[in-house]
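Report on the structure
As a plain string of letters, each chain reads:
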Amino acid sequence: MNIRLLAKRNIQGNAQRYLAYFFSIVLSVSIFFIYASFIFHPDVVHADIPGGKLISRGLIAAEIVIIIFSVFFIAYSNAAFIQPRKKEFGLLTLLGMSKSQLRKLIYLEQTMVSLISILIGVGLGFLFSKLFLMAISWLLAVEQPISFVFVPEAFIYTIVGFILLFQLLSLFSLFHIGNAEVVDLLKDKQKPKKTPFVSKWLIALSAVCLSISYYLACTLSLNNSYIRVLPIVFFVLIGTYFLFSQSIVALCSRLYRKKKSLYGGTNLITQTNLIFNIKDYSRLFFLTSIITAVILTAAGTLFMFSADLKKQGMDNIPQSIGWVENDASIYSVIEPSAVENALKEDGFKILYELNMTGVPITHMLPHMRTGEPNENRSLLISESDYNNAAALRKIEPAKLSGKEALYIFPYGGLDYQFVHKGEQKELHFGNGTIQVTMVGQRNQSIVAPIKAATTLMVVDDQLYHEITADVPLKEMARVRGYEVKDWEESMETSSEIEQMSNNHNQLQTRAPIYQEMKQGSILILFIGLFVSLLFFIVQGSMMYLRVFTNLEDKKIQIHALHRLGLTKKEIRQILSAEIRILFFAPFLIGVIHAIVAYVALSNLLGSNLFAYSAMVIATYFLFQLLYYQVTKKMYERAVINSIK
């Protein structure tokens, strides 16, 4: 018997405990290798793939996330493996093994597992990289699929990077166990567990932090998001940590004091185990709930943005084809007949046509950041023209009279109020000036937001005619637009119309912008789902590790309870309850965090995303339930089979 053989047998003896950890590392290495194969692919490096550079940047960001996440997971797993084996290490030391030999044993075990994981992960990554390249080729719609080639850099970065990562983290774990005394190692499990301490102040801090974070998230908007994101993350982390380390402990203690509930079924054993283990579980609950929230928020955001992309395109680009003529007396950008002929030749039905004129005006508006007044340009249009366009867009009409005016800002996601109801404002046009009373502001796009027509000022018909009576047509601007049925398929037609135009800056087509955003969002969703899957496997593995690290202690407890008269059915109930709490308590908190994030996203996009968020949460719940059932079956079998 030598140390190398002893390390090998220890791994074989702890195979069930290593299973989830091994699977998670293999998946991490595989995804890292696949992404690296694309990043260093010759076609991407030499810019032969359209959009390849953009995807490469996204994959580099994903690689960094994988590495950071792997550091925390491997460090947590190493600690989880060492903690329950301290008695074993103490016995080996007592039998004559030196500290250097003990360190070598642990080092060899971790090195063997890491090398096997890396080799299998790289092998699987190499096998599936062809499938990944085919999927990317399809998503990018390239003429020639991306070729499958041997990428040496992917092998080097993956193998060397993960070996260095494992070696560094192994050294940290060796330092911890190597300095422990024999008596501490032998008696580590015999230390009695005390009733956890609870602070009312920390419970209050948890409630305050979560309340602040939820309020900031639910009132998030585009103009304040850049200053709120970090505070939201900070308060969520602080609040969640003390929620599990204090609030949940206090709740369990209160339930434990209700003696009547203890005498029903197996509640006495279940609640007693929970109250004395909840402190140990709190860190795991905190980590897994945050991971759950991150997975749901990231996957949900990507999915919801992709699913809601068509609506966003129609909201922000009001007509399929739209343009603005600076001189309303002529068509210098493009002739309407040319647009109509191009659409009809390609078989597209025109749903409606928009044609309105307006007077370019200037007025003062506050700057978004400083609040200082600045001169801004708008297009003055009549109430009738606005209401006609609003009816076509299914938007509430305006109701104005006298010298009232309504300001139209085209970006719905920005809730900044440039004007206020009752505010007096001077409008300057040509050599004239008129004072109006503002009835408010609407953040919506009704005509193509281009140049002079980016923002609109709507006034009563009579007032509009008084203002424009002496304004020649050549000093007015004309807004034209066509809404097309099945506009998503008009990519080629839109490109043809753009080529026919004399001024691309004055013309806006929806289909090319939509298709570009759709392609980008699908690619981001594709990449994000891989990372989310990895996060899910890892957080499930952390719970799996937590269950199986205490397997021997649980066998002793269950064996004693069985001798006292507990049936195997009751034992299964106890084990199921403990694992159920472990899996679904942090899941519940993570879902609550994610729902708040979905509310913030709905406010930013100006859409009701309830159906999409419900689909994401339900899908995640099914995966979590499946993971729970597999872990429960394996755990019950391992414990109950030990009963004689």
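Residues numbered from 1 in each chain as written. Predicted model: local features only at pLDDT ≥ 70, side-chain atom pairs only at ≥ 80, totals over all residues. Heavy atoms only, no water.

Describing unusual backbone geometry
- With a phi angle near 60°, Lys394 is a residue other than glycine that sits in the positive phi range.
- With respect to the secondary-structure elements, Lys394 resides in the loop between helix H15 (383–392) and strand S4 (404–409).
- By relative accessible area, Lys394 is classed as exposed at 81%.
- For Asp486, which is not glycine, the phi torsion reads 55° and is therefore positive.
- Its relative accessible area of 46% is what places Asp486 among the partly exposed residues. (Helix = DSSP H or I, 4+ residues; strand = E, 2+ residues; numbered from the N terminus. Buried < 20%, exposed > 50% of the residue type's maximum accessible area, 1.4 Å probe, protein only.)

A look at the side chain of Thr509
- Within the fold, Thr509 resides in strand S9 (residues 507–509).
- Owing to a relative accessible area of 3%, Thr509 belongs among the buried residues under this scheme.
- Among the polar contacts listed, one links the side chain of Thr509 to the side chain of Glu498, at a separation of 2.5 Å.
- Ignoring any residue separated from it by four or fewer positions in sequence, one finds Thr509 in contact with Ser320, Ile321, Ser494 and Glu498. (Polar contact = N/O pair within 3.5 Å; in protein donor to acceptor, adjacent residues only side chain to side chain. Contact = heavy atoms within 4.5 Å.)

Describing helix H19 (residues 551–564)
- Taking 1.5 Å per residue, 14 residues should reach 20 Å; H19 reaches 20 Å between its end C-alpha atoms and fits that length.
- All buried positions along H19 are accounted for by Leu551, Lys554, Ile558 and Leu561. For H19, the angular spread of buried residues about the axis comes to 90°, placing them on one side. In this structure, H19 carries Ile556, Arg563 and Leu564 as exposed residues pointing more than 90 degrees from its buried face. (Expected span 1.5 Å × (residues − 1). Arc of directions from axis to C-beta.)

A short note on the pairing of strand S5 (residues 424–429)
- Taking every second residue as pointing to the same face, the buried face of S5 carries Lys425, Leu427 and Phe429, while none of Gln424, Glu426 and His428 on the other face is buried.
- Taken together, the 6 bridges between S5 and strand S6 (residues 432–443) define a ladder with antiparallel strand orientation. Note on S6: the bridge partner recorded for Lys425 is Val436.
- Hairpin remark: S5 followed by S6, antiparallel, with 2 residues in the connecting loop; positive phi at Gly430, about 55°. (Pairing = 2+ DSSP bridges.)

Details of a nonpolar patch on the surface
- A surface patch of nonpolar side chains, about 670 Å² in accessible area, is lined by Ile116, Ile120, Leu124, Leu127, Phe128, Leu131 and Met134.
- Tracing the chain through its elements places Phe128 in helix H6 (residues 99–140). (Patch = residues over 30% accessible without salt bridge, like charges linked within 9 Å, V, L, I, M, F, W, Y side chains within 5 Å. Areas by Shrake-Rupley, 256 points an atom, 1.4 Å probe, with all protein chains shown as cover. Salt bridge = Lys/Arg side-chain N within 4 Å of Asp/Glu carboxyl O.)

Overview of the confidence of the model for the protein
- With 86% of its residues at a pLDDT of at least 70, the protein reaches an overall mean of 81.
- Averaged pLDDT values over the elements of the protein bottom out at 53 in helix H8 (residues 182–187) and peak at 93 in strand S7 (residues 456–459). (pLDDT = per-residue confidence, 0-100.)

A short note on the packing of helix H17 (residues 491–500) against helix H18 (residues 510–549)
- Relative to each other, H17 and H18 sit at 125°, their axes nearing to 8 Å. Viewed along their axes, H17 and H18 adopt a mutual orientation that is oblique. Handedness of the H17/H18 crossing: left-handed. Contact with H17, carried on its side by Met491, Ser494 and Glu498, involves Ala511, Pro512 and Gln515 of H18 and no other residues of that element.
- In the contact of H17 with H18, the residues fall into 3 nonpolar, 2 polar and 1 charged. (Axes fitted to C-alpha atoms, helices over the stretch in contact; angles between N-to-C directions. Parallel < 35°, antiparallel > 145°, perpendicular 65-115°, else oblique. Left-handed = near helix turned anticlockwise from the far one by under 90°. Nonpolar A, V, L, I, M, F, W, Y, C, P; charged D, E, K, R; others polar.)

Details of helix H13 (residues 309–316)
- Among all positions of H13, only Leu309, Gln312 and Gly313 are buried. For H13, the arc enclosing every buried residue in end-on projection is 100°, short of the 170-degree limit, so these residues lie on one face.

Quick notes on the packing of aromatic side chains
- With the rule as written, the count across this model stands at 27 aromatic pairs.
- Ring centres 6.5 Å apart and planes at 65° place the aromatic pair Phe126 and Phe150 in the edge-to-face group. Of this pair, Phe126 sits in helix H6 while Phe150 sits in the loop between H6 and helix H7 (152–178), placing them 24 residues apart in sequence.
- Exposure remark for Phe126: the relative accessible area of 29% places this residue in the partly exposed category. (Phe/Tyr/Trp six-rings, centres within 6.5 Å; stacked < 30°, edge-to-face > 60°.)

Details of the pairing of S4
- Burial analysis of S4 places 5 of its 6 residues in the buried class, which makes it a mostly covered element.
- Bridge analysis of S4 against S6 gives 6 bridges, and the strand direction is parallel. Note that in S6 the partner of Phe409 across the bridge is Asn443.

So, the pattern of salt bridges
- The full count for this structure, using the stated rule, is 3 salt bridges.
- Between Glu353 and Arg480 there is a salt bridge, with its nearest N and O atoms 2.1 Å apart. You can see Glu353 sitting in strand S2 (residues 350–366) and its partner Arg480 sitting in strand S8 (residues 477–484), a full 127 residues away along the chain.
- A salt bridge links Glu483 to Arg510, with the nearest nitrogen and oxygen atoms 3.0 Å apart. Linking Glu483 in strand S8 with Arg510 in helix H18, this pair joins segments that are 27 residues apart in sequence.
- Judged by relative accessible area, which is 0%, Arg510 ranks as buried.

Digging into the nonpolar core
- Core analysis: the biggest nonpolar cluster contains 100 residues, and Tyr21, Tyr35, Leu296, Phe548 and Tyr635 have the highest contact counts within it.
- Considering every element that reaches this core, the biggest residue donor is helix H20 (residues 568–605), with 16 residues.
- One finds Val359, Ala405, Leu427 and Phe429 within the second-largest nonpolar core, a separate group that totals 24 residues. (Core = buried A, V, L, I, M, F, W, Y, C linked by side-chain atoms within 4.5 Å.)

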